[in-house]
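Listed here are the chains, written in short residue letters.
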Amino acid sequence: MTSRPAITVLATLSLSAPLLGVGPASQAQPALPALAPAAVVTTSAPTSTRPATANPIALARAMETAVASQLASGARSQYLGAGLSGLVIDRTTGRIIWSSNGSRSRMPASTQKVLTAYVALRSLAPGKQLVTGTWQSRANPNNVYLRGAGDPTMTKTRLASLAKRTADALRGRGRSAINLYLDDSIFPAPTSARGWKASYLSGGEVQRVRGLTLAGYRGADGTVAAGNVFRAQLLLNGITVTKFGRGVAPAGRAALSESWSAPVRTVLASMLSASVNDYAEYLLRLSALESGKYPTWSASLAHAKSVLVANRIPTAGYAAYDGSGLSRANRMPVKTLVSTVSKMYASPGDRAIAYAWGATPRAGQTGTLRTRYKSAAQRCATGKVIAKTGTLGDAVGLAGVAKGADGRDRVFAFLQNGNRKTASVRNALDTLATATVGC
């Protein structure tokens, strides 16, 4: 018989402890009076009636006990079992309300994007835009370069607009035929991350990370795909391309035109809402690039971890090999997730981006949680759970903030590995998140 994991409620956790240590970009919350250590949760059904007292500490303790008991009950689901790790804390006090295998490292799936978002918010200005440009060689004016900026949002429509403006500029300089070179040198030549299945690239999960690409492209070479679109649009605007291939723009060059992406804050919000793998991998590289590193896999991942360590996010048991969470080699304890969520939510600037409407999904309302929380038992959590989802074939995660029925915010993370009945596991985790709300 499989043994059940130990499930306990632990003592008050200081805000200065490693789990919730306030880093440079975090805002400390006012501490409530210290609470006494809580008792071990039993599995008896929670009471639905609060104690008849006006003491706020007593009320908070009563609600915590009820929430912890509901969580303990939900954790006994046949779809979770020993493969579950979970942690729930009171966001203001840092008090651990419920924990199960809190230090056990598991595959995080797309909850990895929470950490990618945190690193990006500490590395990139939220208003930063990625500028793809066209340039003309001063030494050889026949040579024109389409130079990428690591922009994963470059669409055919934007390329068409850039081609028209470039053609107008070329005609103004007396050019009707050019050599077109594609410059994607801002990023290194792409390789697969450790732990990626070959099917991720061929099956549409993610594209190879190149300095110049076409949004949503799924094929061997996004740079050439973008170049082909651009070349065809030049021809429609009266410019013939005589030679075509890769090439690095020379230092001696003159600007022809530019195409600006949406701000980083918008790209990051879309990544969280729809769990866009491409955006996560590009934000990982751009974060390293902005910090002065040539964004290889190793340099990008090293930069990301250095940001976590500098902001006192616990990294014991944490190993990441990509930014999206697709890698099956990734491992993370829930305490790392909870700490990252708590810090990001505590910072007003971060919260305004990562937890705005249309960013991190909201139960039953937006993003990857839009169609969930529809059952009678979970409907009360609609709009009150704001969390990043994650699903691989045998790994399911959920990490975010529950707006408690008692007015208190609770930060949580749940990871389950080993059960391939992912729909059932997702539903069981949604039940845990509903219990965290306390409704």
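Along each chain, numbering runs from 1 in the same order as the chain's sequence is written. Since the coordinates come from a predicted model, pLDDT governs what is reported: local features require at least 70, and pairs of side-chain atoms require 80 or more to be given and counted, while whole-chain, interface and lining totals use all residues. Excluded from the side-chain calculation are hydrogens and water; included are all heavy atoms of the structure.

> Requested: an account of unusual backbone geometry, with residues and values cited.
Its identity as a non-glycine residue notwithstanding, Ser275 has a phi of 55°, on the positive side. Numbering of helices and strands runs from the N terminus, with a helix taken as a DSSP run of H or I at least four residues long and a strand as a DSSP run of E at least two residues long. Mapped onto the elements of the fold, Ser275 is located in the loop between helix H6 (264–274) and helix H7 (277–290). Taking the relative accessible area as the measure of exposure, Ser275 reaches 15% and is therefore buried. Residue Arg312 is not a glycine yet carries a positive backbone phi of 60°. Among the structural elements, Arg312 can be located in the loop between helix H8 (297–310) and helix H9 (334–346). Each residue is assigned to one of three classes by its accessible area relative to the maximum for its type, calculated with a 1.4 Å probe on protein chains only: buried under 20%, partly exposed between the two thresholds, exposed over 50%.

> How would you summarise the packing of H6 against H7 if you had to cite specific residues and measurements?
Lines fitted to C-alpha atoms define the axes here, with helix axes fitted over just the stretch in contact, and angles between the N-to-C directions of these axes take values from 0 to 180 degrees. At a minimum axis separation of 8 Å, H6 and H7 run at an interaxial angle of 135°. Comparing their axes, H7 and H6 come out oblique. For the crossing formed where H6 meets H7, the hand is left-handed. In this structure, H6 uses Val264, Val267, Leu268, Ser270 and Met271 to contact H7, whose residues at the interface are Tyr279, Ala280 and Leu283. Amino acid classes used here: Ala, Val, Leu, Ile, Met, Phe, Trp, Tyr, Cys and Pro are nonpolar; Asp, Glu, Lys and Arg are charged; the rest, including Gly, are polar. Among the residues forming the contact of H6 with H7, the class breakdown is 7 nonpolar, 1 polar and no charged. In this scheme, roughly parallel covers angles under 35 degrees and roughly antiparallel covers those over 145, while 65 to 115 is roughly perpendicular and the rest are oblique. The sense of a crossing depends on the near helix, which, turned anticlockwise from the far helix by less than a right angle, makes the crossing left-handed and, turned clockwise, makes it right-handed. Throughout, a residue-residue contact means that at least one pair of heavy atoms, one from each residue, lies within 4.5 Å.

> I'd like a description of the pairing of strand E10 (residues 395–403), backed by residues and values.
Among the 9 residues that make up E10, 8 are buried, leaving the element largely enclosed by the rest of the structure. DSSP calls a pair of strands paired once it identifies at least 2 bridges connecting them. Here 8 bridges tie strand E9 (residues 385–392) to E10, and the two strands are oriented antiparallel to one another. When the bridges of E10 are listed, Ile386 appears paired with Val401. Pairing analysis gives 9 bridges linking E10 to strand E11 (residues 409–417), with the strands arranged antiparallel. From the neighbouring strand, Ala399 faces E11, where its bridge partner is Ala413. Where E10 hands over to E11, the hairpin turn is made up of 5 residues, of which Gly407 adopts a positive phi near 90°.

> How would you explain the confidence of the model for the protein if you had to name every residue and give the values?
Per residue, pLDDT measures the predictor's confidence, with a range of 0 to 100. Considering every residue of the protein, the mean pLDDT works out to 90; 88% of them sit at 70 or more. Across residues 1–52, where pLDDT falls below 50, the model places 119 contacts with residues more than four positions away in sequence or in other chains.

> Residues and numbers for the sheet that holds strand E5 (residues 143–147), please.
Here 5 strands make up an open sheet; going across it, the order is E7-E6-E5-E4-E8 and the pairing mixed. Only two strands of the sheet have a single partner each, and these edge strands are strand E7 (240–246) and strand E8 (253–260). The sheet shows a mean angle of 20° between the axes of neighbouring strands, taken without regard to direction. The pairing of strand E4 (residues 131–137) with E5 spans 4 bridges and is antiparallel. Within E5, the residue paired with Trp135 across the bridge is Tyr145. Strand contacts of helix H3 (residues 156–172): E4, E5, strand E6 (177–183) and E8, with the helix running at about 150° to E8, the strand carrying the most contacts. Running at roughly 170° to E7, helix H5 (residues 222–236) makes contact with E4, E5, E6 and E7 of the sheet.

> Break down the pattern of salt bridges for me, with residues and values.
Side-chain pairing between opposite charges can occur once the charged atoms of the two side chains come close. We define a salt bridge as a side-chain nitrogen of Lys or Arg found within 4 Å of a carboxyl oxygen belonging to Asp or Glu. With the rule as written, the count across this model stands at 18 salt bridges. For the salt bridge of Arg372 with Asp430, the shortest nitrogen-to-oxygen distance reads 2.8 Å. Residue Arg372 is located in the loop between helix H10 (348–354) and E9, and its partner Asp430 is located in helix H11 (residues 422–437); the two are separated by 58 residues in the primary sequence. When sorted by exposure, Arg372 lands in the same class as Asp430, which is buried. A salt bridge links Asp394 to Arg420, with the shortest nitrogen-to-oxygen separation between them at 4.0 Å. One end of the pair, Asp394, is in the loop between E9 and E10; the other, Arg420, is in the loop between E11 and H11, with 26 residues separating them in the sequence. Through salt bridges with shared partners, a single ionic network connects Asp184, Arg210, Asp221 and Arg246.

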